[in-house]
Amino acid sequence: MTRKFLDAISGETTTAALHVARVAVSGGMLLPGQARWRGAGNLFLGVTAAALYPRHRYGTDGSDQVSILVQTATGLARLSSRPQTQDALLWYVALQANTSYLVSGWMKLLGKSWRGATALGGVMRTRTYGHEPTFALTKKYPKAAKYLTYGVLALECLFPVVYLADGRLARLVITSAGAFHVANGLVMGLGRFVTGFTSMHPMVAYTSTPRTFPSAAGRDDRILFVGATLLAGAVSVAGAVAVQRRMRTLEGWSHSDYLTTRHGSTLQYEQSEGDDPTLPVLVFVNGMVSTSEHFTWITEKIEQESGYGVVTYARAGYAGSRYRSTSPYCLAESVDDLVDLVRGVVPEARKVVLIGHSLGGELARRAAADLGDRLQAIVYLDSSHPEELNRSNQQSKAAESLGVLMNTMTRSLNAGLGILMARPAWLEALPANCRSRAFAQYADARMWEAGRREWDAVEREFRAFDGNLPVVGTHALVISAQHTVDRDPEQLLMHNEIAASHRGEGRRVESCVLDGADHDSLLTGARFATEAGRRIITFLDGTLAADAEQVRDEEETGQ
């Protein structure tokens, strides 16, 4: 029904007519008139803006959403004859205003640039929102820029102080917020923010005025009690959902088993021995903030079409694995855990193939030295390279935003906000039987806490890397995702270097780019993942045949 309505108003003629009507109504709103007629105008502007939003979503921003909210709430208030309803709607807008500033401020605190008071200069030097004269001033007067940055943080994080001291702080806070938006409009080009956000300020002023004042006498504040009750109920539901997801995350599969590593951590793993006990066992190593379920398409392909054994596991802190190390975390710890898992799970008579995606590829590469002759091959799936933060501008620029994302997700999920998380697109691409478990992990803070710990170590160790990759004396298959290398050609060079580190007499090394795949769909997309699985099987069969031929040649030479 909704889609039919949106299709009906998405035609060029209908859209143009709606815009003309909006201009006419907006002009009429500037004229004096009765409250009910003005309310109808508000409601029309709010409803039509919401209806046109899906068509014009590209290029819209928070000011458009605020405008829809204010127009709709104001229209309903003007059309209502009950003061209680009017006050409830005005309180609704005022609470939305407080939430907007609070969330914006506290989210800024997660970023190093805001905490370090360098964000203002950073924003002013960008092409999208930058302003060269203002950037020059931040360089010329760094102390003033620092105080201004902290002032913005204080204004947003402490906006609800308008309700303290009988509202005596309201005028100062609202004026400061208005000046902030005007400055954004002039310097950053965010003109719509001026009218959008300041349209909420009258509601904040009204609700922060003591009821002893004539303008607020008889104001109905019961919406606060209702809101607090609803919030308490929402918190209870969110907590119950979070507990249920945590239990789902920890329980594992019916065939899951556990192993304790030298660092005291417990790893949860799943094992399939395969049809042929003489063939190697494939151990899959997931990327950062990723699940072992991401490999399901590939492991199903391998189990159905080959006799290889398969082991998947969750690193310490992921899924049902427990992180119990007391030492400061470094990547070597995860490498040790991987080596312990191989030695504890794979029979000594069987060789091992490590298959790592993203960071998992780097962990597999580092584990090769400890596994020695037990290692048949390493398969790199769009792998990380220890020098990528120094050589790739794209990776380096994304580093800070990734750290902010980790912090944001961890704190939000610990606060119980996981109930608001939408299911990501990659999840729906996974096999149906593992989606609920993968999403439970994705919406649980433990995964993001583990990811934050790993990212800190990655950033520290990768930025300190200097030199060539050491030789790895085993076969290797390097599979790159096309979108990864297309966006950043330096990644292809680094993947080639990983392959080159394996080259040597008697070692088979292959590289390929999987057309159409990106970093995630290489695993989660059925078509790409099954193709990757096919190439892995073909490659491993080739290495075994080459090794067998080499043994025969050596035996003949010895005779």
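Residues numbered from 1 in each chain as written. Predicted model: local features only at pLDDT ≥ 70, side-chain atom pairs only at ≥ 80, totals over all residues. Heavy atoms only, no water.

Q: Please explain the overall build of the protein chain as it appears in this structure.
A: Looking only at helices and strands, one finds 25 helices and 8 strands in the protein chain. Once the C-alpha set of the protein chain is aligned to its principal axes, its extents read approximately 110 × 55 × 50 Å. Looking at the 559 residues of the protein chain, the share that counts as buried comes to 47%. Once local pairs closer than 6 in sequence are excluded, the contacts in the protein chain between residues at least 24 apart make up 75%. Summing over all exposed atoms, the protein chain offers an accessible surface of approximately 27900 Å²; the carbon and sulfur share of this is 58%. Looking at the protein chain, you have 57 positive and 57 negative side-chain charges, and the mean spots of the two groups are 14 Å apart. (Helix = DSSP H or I, 4+ residues; strand = E, 2+ residues; numbered from the N terminus. Buried < 20%, exposed > 50% of the residue type's maximum accessible area, 1.4 Å probe, protein only. Contact = heavy atoms within 4.5 Å. Areas by Shrake-Rupley, 256 points an atom, 1.4 Å probe, with all protein chains shown as cover. Lys, Arg positive; Asp, Glu negative; His and termini not counted. Charge placed at Lys NZ, Arg CZ, Asp CG, Glu CD.)

Q: Looking at this structure, I do not really get the packing of helix α5 (residues 83-108) against helix α12 (residues 201-208). What am I missing?
A: Angle between the axes and distance between the axes: these two values describe a pair of packed helices. The interhelical angle for the contact between α5 and α12, taken along N-to-C directions, is 110°, at an axis separation of 8 Å. Accordingly, the angle class assigned to the pair α5 and α12 is roughly perpendicular. Across from D87, L90, W91, V93, A94, A97, N98 and Y101 in α5, the residues of α12 making contact are H201, M203, V204, Y206 and T207. A class-by-class count of the residues in the contact of α5 with α12 yields 9 nonpolar, 3 polar and 1 charged. (Axes fitted to C-alpha atoms, helices over the stretch in contact; angles between N-to-C directions. Parallel < 35°, antiparallel > 145°, perpendicular 65-115°, else oblique. Nonpolar A, V, L, I, M, F, W, Y, C, P; charged D, E, K, R; others polar.)

Q: Before we go on, may I ask you to explain the sheet that holds strand β6 (residues 375-381) in this structure?
A: If you trace the 8 strands from one edge of the open sheet to the other, you get β1-β2-β4-β3-β5-β6-β7-β8, paired in mixed fashion. Looking along the sheet, the strands with just one partner apiece sit at the ends: β1 (257-260) and β8 (509-514). Taken over all neighbouring pairs, the strand axes of this sheet differ in orientation by 20° on average, direction set aside. Where strand β7 (residues 475-481) meets β8, 6 bridges bridge the pair, whose relative direction is parallel. Bridge assignment links I479 to a residue of β8, and that residue is C512. Here helix α15 (residues 331-345) sits on the sheet and contacts β1, β2 (266-272), β3 (281-285), β4 (309-314) and β5 (352-357); the angle it forms with β2, its principal contact strand, is near 45°. Each of β3, β5 and β6 touches helix α16 (residues 359-371); the most contacted strand, β5, lies at about 150° to it. (Pairing = 2+ DSSP bridges.)

Q: It is not clear to me how the nonpolar core should be interpreted in this structure. Could you clarify?
A: In globular proteins that are soluble, nonpolar side chains generally tend to be buried together. Ranked by internal contacts, the top residues of the largest apolar core, which has 63 residues, are V283 and L354. If near-sequence neighbours (up to four positions away) are discounted, L354 is found in contact with V283, L338, V342, A364, A367, L371, L375, A377, I378 and V379. (Core = buried A, V, L, I, M, F, W, Y, C linked by side-chain atoms within 4.5 Å.)

Q: Any chance you could explain helix α10 (residues 170-188) here in plain terms?
A: Since one α-helical turn is 3.6 residues long, residues separated by three or four positions face the same way. Taking 1.5 Å as the rise per residue, α10 with 19 residues should run 27 Å; its terminal C-alpha atoms sit 26 Å apart, in good agreement. Of all the positions in α10, only A170, V173, I174, A177, G178, F180, H181, N184, G185 and M188 are classed as buried. The buried side chains of α10 occupy one side of the element, clustering within an arc of 150° when seen end-on. Across α10 from its buried face, at more than 90 degrees, point the exposed residues R171, L172, T175 and L186. At its buried positions, α10 is contacted by α5, α7 (119-124), α9 (142-157), α11 (191-198) and α12. (Expected span 1.5 Å × (residues − 1). Arc of directions from axis to C-beta.)

Q: Explanation requested: the pattern of salt bridges in the structure shown.
A: In a structure, side chains of opposite charge can pair up when their charged atoms sit close to one another. Applying the stated rule across the entire model yields 25 salt bridges. Taking the shortest distance from any N to any O, the salt bridge between E156 and K108 comes out at 3.0 Å. With a gap of 48 residues between them, E156 in helix α9 and K108 in helix α5 connect regions that are remote in the sequence. Assessed through its relative accessible area of 18%, K108 is described here as buried. Between D340 and R262 there is a salt bridge whose closest N-O contact spans 2.7 Å. Separated by 78 residues along the polypeptide, D340 in helix α15 and R262 in the loop between β1 and β2 bring together distant segments of the chain. Overall, D340 belongs to the buried group, its relative accessible area being 14%. Overall, R262 belongs to the partly exposed group, its relative accessible area being 46%. Taken together, the shared-partner salt bridges in this structure form one network comprising E362, R365, R366 and E461. (Salt bridge = Lys/Arg side-chain N within 4 Å of Asp/Glu carboxyl O.)

Q: How should I be thinking about the pairing of β2 in this particular structure?
A: Note on strand geometry: in a regular strand, side chains alternate between the two faces of the sheet. For β2, the buried fraction is high: 5 of the 7 residues fall into the buried class. With 4 bridges joining them, β1 and β2 adopt antiparallel strand pairing. The partner of D257 across the bridge, within β2, is Y269. If you look at the hairpin formed by β1 and β2, you'll find 5 residues sitting between the two strands, and G264 has a positive phi there, around 90°. As judged from the 5 bridges shared by β2 and β4, these two strands associate in the antiparallel manner. Looking at β4, one finds that Q271 is bridged to V311.

These values are about where atoms sit, not about what they do.
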